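Chain and residue survey
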Amino acid sequence: MSNWLTLTTFLPLAGVVVLVAWPGIRDDAARAVALLAAVATFLMSLAMLGRFDNGVTGFQLVEEATWVDAIDLKYLLGVDGISLWMVLLTTFLMPIAILASWRVDDRVRLFMASMLVLETGMIGTFLALDLLLFFLFFEAILFPMYLIIGVWGGERRVYATVKFFLYTMFGSAFLLVATLFLYAKSGSLPGGPTFDVRELVGLDLAPITARWLFVAFFVAFAVKVPLFPLHTWLPDAHTEAPTAGSVILAAVLLKIGAYGLIRFNLSLFPEASRSFADAISVLALIGIVYGGIVALIQTDLKRLVAYSSVSHLGFVVLGAFAFTEQAMAGGVLQMVNHGLSTGALFLLVGMVYERTHTRDLGRMGGLMSVTPWLGGTFLFVALSSAGLPGLNSFVGEFLVILGTLARNVWFGAIAATGVVLAAIYLLWSYQRMAQGPVPEEHRHHRDLSLREVLVLAPVLAAILAFGVYPKLLLDRIEPTTAQVVADVEAPPVSPPPSVPLAEEAGG
Amino acid sequence: MTDAVWLVPAIPFVGFVVNLFAGRRLGRAAGWLATLAVAAAAAVAIGVGMEVLAQPAEERTTVVHLFDWIGVGAFSAAADLRVDQLSVLMILVVTIVGALIHLYAIGYMGGDPRFGRFFAYLNLFVFFMLVLVLAENLLLLYVGWEGVGLCSYLLIGFWHERTAAANAAKKAFVTTRIGDTFMLVGIALVFLRLGSLDLSTVLDPGIEAVQPSGVFTVIALLLFAGAIGKSAQVPLHVWLPDAMEGPTPVSALIHAATMVTAGVYLVVRTHLFFEISGVALVVVLVVGLVTALYAALSALGQDDIKRVLAYSTVSQLGFMFMAAGMRAYSVAMFMLAAHACYKALLFLSAGSVMHGTHELTDLTRMGGLRRRMPWTAGVAIAGALSLAGVFGLAGFFAKDEILVIASETGRATVWLLGTLGALLSALYIGRLVFLAFFGDARSQEAEHAHESPPVMLAPLVVLAAAALGLGVLMLDPETGLVPTFLEPVLGTVPHGDEGVGTAALVIVSQVVAIGGLAVTWLVYASGRVDWLALRLRLMPLPRFLNRGMYVDDVYAATVVAPAKATSTFLADVVDASVVDGLVNAVGRLFQGLAGAGRRVQTGMVRTYALAFLLGALALLAYVGVRG
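Because the structure is predicted, anything quoted here is derived from the model rather than measured. Numbering of residues starts from 1 in each chain and follows the order in which that chain's sequence is written. Here the convention is simple: chains get letters from A, ligands get numbers from 1, in the order in which they are written. Reporting of local features is limited, given that this is a predicted model, to residues whose pLDDT is at least 70; pairs of side-chain atoms are given and counted only at 80 or more, and all residues count toward the totals for whole chains, interfaces and linings.

**Quick notes on the overall build of chain B**
The test is simple: Only DSSP runs of H or I with at least four residues qualify as helices, and only runs of E with at least two residues qualify as strands; both kinds are numbered from the N terminus onward. The globule rule is 2.2 Å times the number of residues to the power 0.38, and the radius of gyration it is compared with is taken over C-alpha atoms. Put plainly, a residue is buried at 20 or more neighbouring C-beta atoms within 10 Å of its own, exposed at 12 or fewer, and partly exposed in between, counting only other residues' C-beta atoms, which are placed from the backbone. Residue pairs qualify as contacts under a 7 Å threshold applied to their C-beta atoms, which are placed from the backbone.
Along the backbone of chain B there are 27 helices and 2 strands. Relative to the compact-globule value of 25 Å for 627 residues, chain B shows a C-alpha radius of gyration of 28 Å, a close match. Overall, the C-alpha framework of chain B stretches about 100 × 60 × 55 Å when taken along its three principal axes. By the burial criterion, 56% of the 627 residues in chain B qualify as buried. Pairs at least 24 apart in sequence give 80% of the contacts found in chain B among residues at least 6 apart.

Have a look at this one:
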């Protein structure tokens, strides 16, 4: 068998087929089918991991076939050290999200089918090496996501979906136009016109053209990240989405933005990437600080976590545009770690909500006394998100700060302030939720159920494991990210003369 | 044995895991298990120490490789443990004092509903503290550094139903994290400028040639910022007095004996950077001196017995930094060890008082406790005499040596202010002892006080013996046991021939110490002074000192309030109106253009998505045909 990627990508659809073809399927059976499909997909992706060769820098396990010859559209999948972990993050969290949605009892079949279609879309997005194929997967994600927020969401779900839709359409339009433009230009390549990313890299573009294209791709992906000031859809989408929607949105969908920046912006337009690097880094820094400051006063737990995502994703973009090995690898690592930590945070927020029926921190309190395991788990995940060393997020954040300092001392120093802000808003939210006296209406909640423990345990284990032994990921990420940095051909990152540094810091 | 040094942190970690998951079922055994774990770690530490001693002085540094932790490109950080004289001294202090405090806590925390959880956290703390002092790699040191901060947070807020405890815990974590973040940037710069994070590499004297001294100044000051936070030095000292919300064994272990000394350890460990810089050493000296005086003054104004001790700790840490700032590293380390004993002793005595008086902490309501709690009174007096620096006791050999060095090296101002600090120390500790244990009982609780159980008193007696006798390790700054042991790592204690002779200095210091104690006896215990009236007459000075000179209030007005206002402004105005307002306006524009304002509410998304996909396909087809 050699088509591991295809199998991983489309295995969830097998679950959809079962759901569609089984008339009158009971809700429990529908849940079980979805869970089974998602677990099978995870196992398949583990097999993919097993076939992955650390030593190879380019794409591996490539599958190539002509699809629509008239427009040179290829069915082209491949995996490298970056997409590998994005796929695994997706397949790892999907069964967990499905298990966490066990209590969804409205149109269960449609919900589960949407989740599985979503999974195929996300995996395909990470594996597609043909730009048009990427775009199709990219768009295919949106429809199930609209459904999940729009049908099973909260009170203001319509507002949130429309906003999500407008933002994304805005970005997609840019992406499509740029893709087609690039295709039109690709006729000059030796192999003729193509959407094949591996070949498009060799395209010789006039600098000004490359910059416009860069901007078009950038807008599409910056909305997804989301990068300041394109972030305001996120708090609304998160607030209204059901738990599984928030988990997948935060853990995987946001990563598509950062992934797109690294995969397409950096590799297709290296020169433009260099010239925009400082401006983008500044936006990322604003996101880090601004997201953190705005998170400080949020009273809605989901909005708070949403703004923390804006802050944390700033680290990823900063790392991607610092053009040093450490920052780039740290950024990719942070993508995985943010997925785990924030995914877990949303799982916990959902569990808290099921008990308290509120997300308003002002109406909570004392959970640590009533449900100590739930409270303790929340604290554990919050500390991971706040970058406590020994847990996962610290490693990525530190590498980003280190790699950014190498390029620009002030960028690195400003990024570091995000670490302080994270401690404040996360501990403050924990305090209002879990500490202090117990309000009367919260005296009788039950602690974590067995299902909830099963949902959380794998994520907690990963959070700890990747903090203590990040080499597991880094060994596979590093060859790829080192190559990406080399390809951008950044100016040498040797330290600037050190005397000015001392003077700057002293002054 | 040295290769098995990983057992020292590993055993308490196992204790943590067991107690975390099975603590409730274990009942009282949880406490014994935790104590045993730390005692076992202490036994291994002693074994390692003996083996290190058996080796020739120059071959006492061993690095034990555990596993590779992080590696990207040229950067790598391994989980390696460093065994040398300095880390051996630290693990001995941490495990031995730690074991005694664990033992005490079995009695003190008896009956607490979260007994098992308490000991789990306590063991976790010991684990992280040992990682901190054993780390060969600065980033691993930082793991321990943040880890002890976490445990401090968990234990200050142990009684989390109390809002004050939760607030204090958060304040401690956030305040120290400000310093830690500077330190993290400093660690990153160590790698970027010096090429490694391994202590063996960057603490090589040859490193001086790698970069100009300005770089070392920046690095040293950034690291010192971390030390300022962790060791509660001015201006980041504000969290420590509030940290007294935690159970008293926590105050003794974390906020007196071990964690807060991590900053001193860090400076001493990386003293090479400070020495190459020169400027950084002066900063350390000045910060230490200012803190020593500020905190000693503030301690005088406290009525809460634990807050007196908290400010006292801040002040004593200042003395340790003064020693480090004058290159007397082994003196700083000796004071660290001695302070761990007598301050833990004082805190645990205070805990014993609280235990016997229904949680009484107000000194003005105590009095006469020595009659009902003779053991507690006896050991507390021993600790107080040692802290005050009475001749021959451990505290004397620590503090006095610092003042002697200041005088000998021609730092007359430092000597003078340091002596003032010593006087203030004698005053506040004398005030504490005489208010608590002498005179007549001033409340019901004090009248009906009862002595604590043996499980609490036994550790107190051991610590009292150390507080009195530990000076034998430091009889002479050159030939004493501690300085000679540490010399290969920390160099010799500097000496000069300025100032008056040592004998004269000792006489001055004894006049200060005993005179200070005598004055407090006269005011608080002789019955000849109405100290409550005196206090009223001196107002507002006592209140000024009681509030720690209003530093907290200044921070609230200048840092916290503006930060909250900024946050509110950004969230409610900028994000909600400006950024989001723009998006909503665009959205309304689209709706208006579509001319389907109402239909939008229901079908817009699906319609548009479909239209969009169809449009995309049409475009594709078009391009395909043309291409």
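Moving on from the coordinates now.
**Examining the overall build of chain A**
When helices and strands are counted, chain A shows 20 helices and 2 strands. Computed over the C-alpha atoms, the radius of gyration of chain A is 22 Å, within 12% of the 23 Å expected from 2.2 N^0.38 for a compact globule of 507 residues. Principal-axis analysis of the C-alpha atoms places the extent of chain A at approximately 70 × 70 × 40 Å. Counting the 507 residues in chain A, one finds 64% classified as buried. A separation threshold of at least 6 residues defines the contact pool for chain A, and within that pool the share at least 24 residues apart is 80%.

**Side note on the environment of Leu 223 of chain B**
Residues and elements named next belong to chain B. Tracing the chain through its elements places Leu 223 in helix α8 (residues 213-230). Sequence spacing of Leu 223 and Leu 26 is 197 residues, and the spatial spacing of their C-alpha atoms is 42 Å. Setting aside residues up to four positions removed in sequence, Leu 223 forms contacts with Met 183, Gly 186, Leu 266 and Thr 270.

**Some remarks on the packing of helix α13 (residues 325-356) of chain A against helix α18 (residues 450-468) of chain A**
Residues and elements named next belong to chain A. Stated formally: Angles here are taken between N-to-C directions and fall from 0 to 180 degrees, while the axes themselves are lines fitted to C-alpha atoms, restricted in helices to the stretch in contact. When an angle is under 35 degrees it counts as roughly parallel; over 145 it counts as roughly antiparallel; between 65 and 115 it counts as roughly perpendicular; any other value is oblique. Note on convention: near helix rotated counterclockwise from far helix by under a right angle means a left-handed crossing. Clockwise means right-handed. Side-chain classes follow a simple rule in which Ala, Val, Leu, Ile, Met, Phe, Trp, Tyr, Cys and Pro form the nonpolar group, Asp, Glu, Lys and Arg form the charged group, and the remainder, Gly included, forms the polar group.
Contact geometry for α13 and α18: axes closest at 10 Å, N-to-C directions at 150 degrees. When the interaxial angle is binned, α13 and α18 end up roughly antiparallel. Where α13 crosses over α18, the two elements pack in a sense that is left-handed. Of α18, the residues touching α13 (which contributes Asn 337, Leu 340, Ser 341, Gly 343, Ala 344, Leu 347 and Met 351) are Glu 452, Val 455, Leu 456, Val 459, Ala 462, Ile 463 and Phe 466. Among the residues making up the contact of α13 with α18, the classes are represented as 10 nonpolar, 3 polar and 1 charged.

**A few points about the confidence of the model for chain B**
Residues and elements named next belong to chain B. Note the following rule: On a range of 0 to 100, pLDDT expresses the predictor's confidence in each residue.
Residues at a pLDDT of 70 or more form 94% of chain B, whose mean pLDDT is 91. The low-confidence segment residues 596-602, where pLDDT is below 50, has 5 contacts with residues more than four positions distant or belonging to other chains. In the model, residues 623-627 has pLDDT below 50 throughout and makes 8 contacts with residues more than four positions away in sequence or in other chains. In the predicted assembly, ipTM is 0.92 and pTM is 0.92.

**A word on helix α13 (residues 279-300) of chain B**
Cut-off, in case you're wondering: Working rule for helices: expected span equals 1.5 Å times residues minus one.
Helix length check: α13 of chain B (22 residues) gives 32 Å between terminal C-alpha atoms against 32 Å at 1.5 Å per residue, within 8%. With 16 of 22 residues buried, α13 of chain B lies mostly within the body of the structure.

**With respect to the packing of helix α6 (residues 157-185) of chain A against helix α9 (residues 233-240) of chain A**
Residue and element names in this part refer to chain A. For the pair α6 and α9, the least separation of the axes is 9 Å and the interaxial angle reads 140 degrees. Between α6 and α9, the interaxial angle falls into the category oblique. In this structure, the crossing between α6 and α9 has a hand that is left-handed. Together, Arg 157, Tyr 159, Ala 160, Lys 163, Phe 164 and Tyr 167 of α6 and Trp 233, Asp 236, Ala 237, Thr 239 and Glu 240 of α9 make up the contact between the two elements. A breakdown of the residues in the contact of α6 with α9 according to their chemical character gives 6 nonpolar, 1 polar and 4 charged.

**Looking at the nonpolar core**
As a rule of thumb, soluble globular proteins bury nonpolar side chains together. Residue and element names in this part refer to chain B. For clarity, the cut-off: By definition, a nonpolar core groups buried Ala, Val, Leu, Ile, Met, Phe, Trp, Tyr and Cys residues that connect through C-beta atoms lying within 7 Å of each other.
In this structure, Ala 332, Cys 341, Ala 344 and Ala 467 are the most contacted members of the largest nonpolar core, which totals 447 residues. At 19 residues, the largest contribution of residues to this core is made by helix α15 (residues 329-356). Every residue in contact with Ala 344, bar those within four places of it in the chain, is listed here: Val 97, Ile 101, Ala 252, Ala 256, Ala 257 and Leu 463.

**A closer look at the environment of Phe 75 of chain B**
The residue Phe 75 of chain B is located in strand β2 (residues 75-83) in this model. When the 24 C-beta atoms within 10 Å are taken as the criterion, Phe 75 of chain B is described as buried. Taking C-alpha positions, Phe 75 of chain B is 24 Å from Thr 61 of chain B, a pair spaced 14 residues apart along the chain. Beyond its immediate sequence surroundings of up to four residues, Phe 75 of chain B is in contact with Gln 326 and Leu 402 of chain A together with Phe 191 of chain B.

**Some words on unusual backbone geometry**
Backbone torsion omega between Val 234 of chain B and Pro 235 of chain B reads 10 degrees, so that peptide bond is classified as cis. Inspection of the secondary structure assignment puts Pro 235 of chain B in the loop between α8 and α9 (239-242). Located in the positive-phi region is Asp 72 of chain A, a residue other than glycine, with phi close to 60 degrees. Tracing the backbone shows Asp 72 of chain A in the loop between β1 (60-68) and β2 (73-79).

**Here's the deal with the pairing of β1 of chain A**
Residues and elements named next belong to chain A. Our working definition: Note on pairing: DSSP must find at least two bridges between two strands before they are called paired.
Relative to β2, β1 is paired through 6 bridges, and the arrangement is antiparallel. Following the sheet pairing, Gln 60 is matched in β2 by Val 79. With antiparallel pairing between neighbouring strands as the criterion, β1 and β2 make up a hairpin whose turn holds 4 residues, including Asp 72 at a positive phi of roughly 60 degrees.

**Regarding the environment of Thr 261 of chain B**
Residue and element names in this part refer to chain B. Within the element layout of this structure, Thr 261 appears in the loop between α10 (248-257) and α11 (262-269). On the basis of neighbour count, Thr 261 is assigned to the buried category, with 31 C-beta atoms found within 10 Å. Linking Thr 261 and Phe 119, residues 142 residues apart in sequence, is a C-alpha distance of 21 Å. Residues within four places of Thr 261 in sequence aside, it is in contact with Ser 231, Leu 317, Leu 336 and Ala 340.

**Details of the confidence of the model for chain A**
All names here are of chain A. Here chain A averages 91 in pLDDT, while 96% of its residues score no lower than 70. When pLDDT is averaged over each element of chain A, helix α3 (residues 83-100) comes out on top at 97 and helix α20 (residues 498-506) at the bottom at 42. In the predicted structure, residues 491-507 sits below a pLDDT of 50 and forms 24 contacts with residues beyond four places in sequence or in another chain.

**Re the pairing of strand β1 (residues 62-72) of chain B**
Residue and element names in this part refer to chain B. Here β1 runs beside β2; their pairing, made up of 9 bridges, is antiparallel. The partner of Thr 62 across the bridge, within β2, is Val 83. Hairpin connection between β1 and β2: a loop of 2 residues separates the two successive antiparallel strands, and Gly 73 in this loop has a positive phi of roughly 55 degrees.

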